[in-house]
Amino acid sequence: MRIDLHTHSSVSDGTDSPSELVAAAAAAGLDVVALCDHDTFDGLDEAVAAGAAAGVRVLRGVEMSAQHQWDSVHVLGYGCRVDDPALAAELARVREGRNGRVPAMLANLARYGMPIPAEVLDRQVGVSPSVGRPHIADAMVELGYVVDRREAFDTWLADDRPIFVGRYAAPLGRALDLIRGAGGVAVIAHPWGRGQREQLPPRLLTELADAGRLDGIEVDHQDHDEATRVDLRALAERLGLLATGSSDYHGLGKIDHGLGCNTTSGEVFAEIETRVTRRGGRLTGQGAASV
Ligand code: AMP
Ligand code: FE
Ligand code: FE
Ligand code: ZN
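1. Things to note about helix α3 (residues 85-111)
End to end, α3 covers 40 Å across 27 residues, agreeing with the expected 39 Å (1.5 Å per residue, within 8%). By the largest-angle criterion, Val102 marks the main kink of α3, which is about 30°, and a proline, Pro103, follows within four residues. Of the surrounding secondary structure, the elements contacted by the buried residues of α3 are β3 (57-68), α4 (118-125), α5 (133-142), α6 (149-157), β5 (170-171) and α7 (172-181). Just downstream of α3, Gly113 is the residue with a positive phi angle, here 80°.

So, in structure tokens, the structure goes:
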């Protein structure tokens, strides 16, 4: 079984529609794909329907914006009940924060001589209810200010660059509790990617695991080098956490990693399904009956 448990569609900052994403997953030979758009469930029904048609199992997911002591942490939630009031309210608050900071970032861009007309940004955001820096990056590419998303982030948009403006994200413990409270399984995405090793030290992960608030950590991810993966895998083993792997695919030509470049084992996927079922979450199988 080839299982990729973290991908994005155009419902957040990916470029493939949910149906296109599932078709690409089938073409890449995946048996299971999880759609985990940032802070929204809006693409899931389309992805599940496309999966039923294409013979690909679609696991319902979300990548929730959280923070620990002002540092950004991404939490993957699998199998959440999308109508859980507490989780839905928190995701709405995060999306409001995403919208709320856009004018300040556009003002910063104008100050640096890179004005972005509203219609250009609107086109890049498209159907997404979850506007993010990648949309701004794509508008900058369209206007010829930078050559690609990477240059946009490295020079202008990353957390320590001049255009960046912060936004609301859920406190980490709260994000984990909300996901599990909605029947889901909570996995910290790329915990030690992009210099985050100091922000999420083993002590903190141990605390969360021991308290039974955290189900797993993403180990095999493009932002982790080989040594980091070895350390994270050992930590997961020691703490009894599920170790997942994924592509964090955002569409081709955007952030360069293809579907299935990292994968999750069948045993770990089965355990995720078991926990979702036990917690009363929402699982998706292959046929309409299990949707
Ligand atoms: P935002 O959701 O607005 O906080 O933007 C963060 C998103 O930008 C991440 O989820 C990634 O998809 C993308 N991204 C790409 N390159 C970078 C980078 N160098 N630093 C931070 N985020 C990046
Ligand atoms: Fe993203
Ligand atoms: Fe992420
Ligand atoms: Zn992601």
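2. Regarding helix α2 (residues 44-54)
An α-helix turns once per 3.6 residues; consequently, residues spaced three or four apart project the same way. For α2, the complete set of buried residues consists of Leu44, Ala47, Val48, Ala50 and Gly51. All buried residues of α2 project into a common sector of 165° when viewed along the axis, lining one side. For α2, exposure combined with an orientation more than 90 degrees from the buried face picks out Asp45 and Ala53. Elements in contact with the buried residues of α2: α1 (18-27), β2 (32-35) and β3.

3. Quick look at the coordination of the iron ion (ligand 3)
The coordination sphere of the iron ion (ligand 3) contains the protein donors Glu63 (OE), His74 (ND1) and His190 (NE2), at a distance range of 2.1 to 2.2 Å. Counting the intervening residues between successive donors of the iron ion (ligand 3) yields the motif E-x10-H-x115-H. Between the two metals, the iron ion (ligand 3) and the iron ion (ligand 2), the spacing is 5.4 Å. Placement of Glu63 in strand β3 and of His74 in strand β4 (residues 71-78) is noted, with a sequence separation of 11 residues between them. Like His74, Glu63 is buried.

4. With respect to the environment of Val102
Tracing the chain through its elements places Val102 in helix α3. By relative accessible area, which is 13% here, Val102 ends up buried. Sequence-wise, Val102 and Val131 are 29 residues apart; in three dimensions their C-alpha atoms are separated by 8.4 Å. Every residue in contact with Val102, bar those within four places of it in the chain, is listed here: Leu121 and Val131.

5. Points about the coordination of the iron ion (ligand 2)
Taken together, Asp13 (OD), His38 (NE2) and His250 (NE2) make up the full set of protein donors to the iron ion (ligand 2), lying 2.1 to 2.3 Å away. Binding-site remark: the iron ion (ligand 2) is held by donors from one chain whose sequence spacing is D-x24-H-x211-H.

6. Structural notes on the pairing of β4
Taking burial as the measure, the 8 residues of β4 include 6 buried ones, the bulk of the element. Taken together, the 8 bridges between β3 and β4 define a ladder with antiparallel strand orientation. In the sheet register, Ser65 faces β4, and the bridge partner there is His74. What sits between β3 and β4 in their antiparallel hairpin is a turn of 2 residues, with Gln69 showing a positive phi close to 50°.

7. Remarks on the domain arrangement of the chain
The domain architecture assigned to the chain consists of domain 1 (3-94 + 168-279) and domain 2 (102-157). Taken over C-alpha atoms, the centre of domain 1 sits 25 Å from the centre of domain 2. Of the residues lining the interface, 12 residues belong to domain 1; the matching set on domain 2 comes to 10 residues. Buried area between domain 1 and domain 2, summed over both chains or domains, comes out near 750 Å², and the portion from carbon and sulfur atoms is 49%. Joining domain 1 to domain 2, the criterion identifies 0 salt bridges. On the surface where domain 1 and domain 2 come into contact, there are 4 residue pairs in polar contact (both at pLDDT 80 or more). Partitioning the side of domain 1 that touches domain 2 into residue classes produces 2 nonpolar, 6 polar and 4 charged.

Cut-off values and rules
- Along each chain, residues carry numbers from 1 onward, in the same order as the chain's sequence is written.
- Labels follow written order: the first chain is A, the first ligand is 1, and so on.
- In view of the model being predicted, local features appear only for residues whose pLDDT reaches at least 70, and side-chain atom pairs are presented and counted only at 80 or more, with totals across whole chains, interfaces and linings using the full set of residues.
- Hydrogen atoms and water are omitted, and side-chain values are computed over all heavy atoms in the structure.
- Counting from the N terminus, the helices are DSSP H or I runs at least four residues long and the strands are E runs at least two residues long.
- For a helix, the expected span equals 1.5 Å multiplied by the residue count minus one.
- Fitting axes to the seven residues ending at a residue and to the seven starting there, one defines the bend at that residue as the angle between these axes.
- We call two residues in contact when some of their heavy atoms are within 4.5 Å.
- Only protein chains enter the area calculation, which uses a 1.4 Å probe; residues under 20% of their type maximum are buried, those over 50% are exposed, and those in between are partly exposed.
- The arc in question is the one traced by the directions running from the helix axis out to the C-beta atoms.
- Atoms of type N, O and S within 2.8 Å of a metal are treated as its donors, and for Na, K and Ca the window is 3.2 Å; water is not considered, so some sites may appear to be missing partners.
- Pairing between strands is defined by DSSP: at least two bridges between the two strands are required.
- Each domain span listed reflects an automatic or database assignment of domains.
- Put simply, buried area is the surface a 1.4 Å probe can reach on two separate parts but cannot reach once they are joined, added for both.
- By definition here, a salt bridge exists when the distance from a side-chain nitrogen of Lys or Arg to a carboxyl oxygen of Asp or Glu is within 4 Å.
- A 3.5 Å cut-off defines polar contacts: any pair of N or O atoms within that distance qualifies, except that in protein one atom must be a possible hydrogen donor and the other a possible acceptor, and neighbouring residues in sequence count only when both atoms are side-chain atoms.
- Residue polarity is assigned by list, with Asp, Glu, Lys and Arg as charged and Ala, Val, Leu, Ile, Met, Phe, Trp, Tyr, Cys and Pro as nonpolar; anything else, Gly included, falls into the polar class.

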